[in-house]
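Below, each chain spelled out in residue letters.
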Amino acid sequence: MTMAVLGTGIMGSAMARNWLKAGEAVRVWNRTRAKAEPLAEAGAQVADDPAAAVDGADVIVTMLYDADAVARTLEAADDRLRPGALWLQMSTVGIEGAQRLADLAARYRLTYVDAPVVGTKEPAEQGKLTALASGPDEARDRVERLLRPVAAKVLWLGPAGTASRMKLVANSWVLAATEGVANSIALADALGLDGADFLEVISGGPLDLKYAHVKGALMMRREFPPSFPVNGALKDANLILAAGESAGVDLAAVEAARRHLDEVARQSHRDEDMSAMYLAARRAI
């Protein structure tokens, strides 16, 4: 079986490596070829364009920035797509994006599985992501087997599109939690307190959250190596808010996170980790 992984950024490259370790034949493509070339040493075939990557592939994986990027990439390969091939669409594309891509899959007669993941760089590298999968029931067993090398947990959620809706719910929690940590660390700083003492206050109790310690440590050091970059988090925040508006839900915490992400993005922090939103909360940008 041949897999074509389109998009080898932080997440796509980690997943491709894990599939290679599991013995799959993997072709990779990325718009910036330099990001794909290191995978050649792990055994991947680096393609010059999407068409070469998907030519005859049994499985196509897309892990790209947004629905527009996914659609453009697949359309660039249209004459090489094999009818019946399984398409694991793993990018975060929102509700309308997921439907748009399902329609594209139908046009090319691909088996479309909407399968975004929950997790960031470290769990991706460790093969411990949580995969949210939805699509035709007859593809379920095959999809779950394919996802084992990259995901510690696979949740099958029903018809295609369900997983993308759940991804927005999960990421609303991620954004709200990070915004909460940023608020607390920034307030501690402003009041002359040590943010580490705040983390000790919640440590081991019902308010504790491992994520708070991970993101809080970055905020206190003011160092933001990308795990979930600001630009991606900002894109997801906009997708979540659009979903909330259409559903009549007031997502004030997500709106606060979006505003802080937008501020740090405009101050040259787009490619840094989303924990950089602390700088906006602290008014230190």
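J.: For this particular structure, what's the right way to read the packing of aromatic side chains?
T.: In this description, an aromatic ring pair is defined by two values, namely the gap between the centres and the angle between the planes. Applying the stated criterion across every chain, the model contains 1 aromatic pair. Here W87 and Y112 contribute two aromatic rings whose centre-to-centre distance is 5.2 Å and whose plane-to-plane angle is 65°, an arrangement assigned as edge-to-face. Residue W87 is found in strand β5 (residues 86-89), and its partner Y112 is found in strand β6 (residues 111-114); the two are separated by 25 residues along the sequence. Judged on exposure class, the residue W87 and its partner Y112 are both buried.

J.: Mind showing me how you'd approach the side chain of K235 here?
T.: Take K235: it is sitting in helix α10 (residues 230-247). A polar contact is formed between the side chain of K235 and the backbone oxygen of T92, at a distance of 2.8 Å. Apart from residues lying up to four places away in sequence, K235 is in contact with Y65, D66 and T92.

J.: It is not clear to me how helix α1 (residues 10-21) should be interpreted in this structure. Could you clarify?
T.: In an α-helix there are 3.6 residues to a turn, and that puts residues three or four apart on one side. Compared with an ideal rise of 1.5 Å per residue, which puts 12 residues at 16 Å, α1 spans 17 Å between its outermost C-alpha atoms and is within 8% of the ideal. With respect to burial, α1 is a largely interior element, 9 of its 12 residues being buried. Among all positions of α1, only M11, G12, S13, A14, M15, A16, N18, W19 and L20 are buried. With its phi angle positive at about 95°, G23 sits one or two positions after the end of α1.

J.: Help me understand unusual backbone geometry, please; the structure alone is not making it clear to me.
T.: Negative phi values dominate among residues other than glycine, just as trans dominates among peptide bonds. In this structure, R109 is a non-glycine residue whose phi angle is positive, near 55°. Structurally, R109 can be placed in the loop between α4 (94-108) and β6. Taking the relative accessible area as the measure of exposure, R109 reaches 58% and is therefore exposed. The backbone of S268 sits at a positive phi, close to 70°, despite the residue not being glycine. Look at S268 and you get exposed, because its relative accessible area is 69%.

J.: Explain the nonpolar core here, please?
T.: One recurring pattern in soluble globular proteins is that nonpolar side chains are buried together. Within the largest apolar cluster, 34 residues are counted, with the highest numbers of intra-cluster contacts made by W19, V28, L88, M90, V113 and V143. At the level of elements, β1 (2-6), α1, β2 (25-29), β4 (59-62), β5, β8 (129-133), α6 (140-147) and β9 (151-156) are the ones that each hand at least two residues to this core. Ranked by residue count, the leading element in this core is α1, at 6 residues. Non-local contacts of L88, meaning those with residues more than four positions away in its chain, are made with V59, I60, V61, T62, V113, V143 and L147. One finds A182, L234, A276 and Y278 within the second-largest nonpolar core, a separate group that totals 32 residues.

Conventions used here
- Residues numbered from 1 in each chain as written.
- Predicted model: local features only at pLDDT ≥ 70, side-chain atom pairs only at ≥ 80, totals over all residues.
- Heavy atoms only, no water.
- Phe/Tyr/Trp six-rings, centres within 6.5 Å; stacked < 30°, edge-to-face > 60°.
- Helix = DSSP H or I, 4+ residues; strand = E, 2+ residues; numbered from the N terminus.
- Buried < 20%, exposed > 50% of the residue type's maximum accessible area, 1.4 Å probe, protein only.
- Polar contact = N/O pair within 3.5 Å; in protein donor to acceptor, adjacent residues only side chain to side chain.
- Contact = heavy atoms within 4.5 Å.
- Expected span 1.5 Å × (residues − 1).
- Core = buried A, V, L, I, M, F, W, Y, C linked by side-chain atoms within 4.5 Å.

Keep in mind these numbers describe shape, not what the thing actually does.
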